[in-house]
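If you want the building blocks of each chain, they are given just below.
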Amino acid sequence: MEDVNILVNLVVKAFRPALLHLFRSGENFYYCTFVMTEEGHAPFLSAWSEEALARAVDESGEGPEVAAELKWSYADSPYVDFGSEHTEELRAPFLARPNLQDLSIDEWEREIEFRMAAVEQAARQLDEEGAFGTGQRRSKLLVAVEIMPPVPSNVDRVARLNDTDSQIFKQWLEEAAEVDD
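Here's a quick rundown of the structure.

Rules and cut-offs
In this numbering scheme, every chain counts its residues from 1 along its sequence in written order. It should be noted that, the model being predicted, local features are given only for residues of pLDDT at least 70 and side-chain atom pairs only at 80 or more, the latter also being counted only at that level, while totals for whole chains, interfaces and linings use all residues. Excluding hydrogens and water, the side-chain values take into account all heavy atoms of the structure. Strands here are runs of E lasting at least two residues and helices are runs of H or I lasting at least four, both read from the DSSP assignment and numbered beginning at the N terminus. Two things to know: the radius of gyration comes from C-alpha atoms, and the globule rule equals 2.2 Å times the number of residues to the power 0.38. When accessible area is computed with a 1.4 Å probe and restricted to protein chains, residues below 20% of their type maximum are described as buried, those above 50% as exposed, and intermediate ones as partly exposed. Throughout, a contact is declared for two residues whenever any of their heavy atoms are within 4.5 Å. Using a 1.4 Å probe, the Shrake-Rupley method yields the accessible areas, and only the shown protein chains count as cover for residues. The charge count includes Lys and Arg as positive and Asp and Glu as negative, but it does not include His or the ends of the chains. Think of each charge as sitting on NZ of Lys, CZ of Arg, CG of Asp or CD of Glu.

**Comments concerning the overall build of the protein chain**
The secondary structure content of the protein chain amounts to nine helices and three strands. Listing each helix as α and each strand as β along the protein chain from the N terminus yields α-β-β-α-α-α-α-α-α-β-α-α. Taking 2.2 N^0.38 as the reference for a compact globule, 181 residues should give roughly 16 Å; the C-alpha atoms of the protein chain span a radius of gyration of 16 Å, in line with that estimate. In terms of overall dimensions, the protein chain has C-alpha extents of about 45 × 35 × 30 Å along its principal axes. Counting across all 181 residues of the protein chain, residues that qualify as buried make up 45%. Counting only contacts in the protein chain whose residues sit at least 6 apart along the sequence, the fraction spanning at least 24 positions is 67%. Element-wise, carbon and sulfur atoms account for 49% of the exposed surface of the protein chain, whose accessible area totals about 9,600 Å². Distance between charge centres in the protein chain, computed from 16 positive and 36 negative side chains, equals 7 Å.

See the structure below:
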């Protein structure tokens, strides 16, 4: 198998400054996700903080019930594609990968898994560096690597990146996880 470390290092390099900038806001983030589409495009960052969710609920005019719809929605976050000035450099390396439209279903699945594994390893490395915080701050933040539209394998990646006994993981699993029935 190809050396995934090249892609991992590129993802870490692109997301490190984006995360530093995001967490300097002083807000209390509870969700930070690296999102990739099923077309295998370069990942982008999205996040939610308690403060951003409160602002979005207030601005919606729909009352607090809208919070449940927004809470885990990467697309509705004011932080969707955050740090794109840093992550833009990932487009070329991901475009240089095999064109998914030219692959058989089995080859497509292997290529998507390769890309997702690289992003997951990058997220793990960033976590080990403390990019998502440490101690109590980290225990309140769900770090995710997700493919959209959601697929059940997202749960496996999120479980590997977080303490599955944490309250935030249990909340996400109950409220947002796509699981096979």
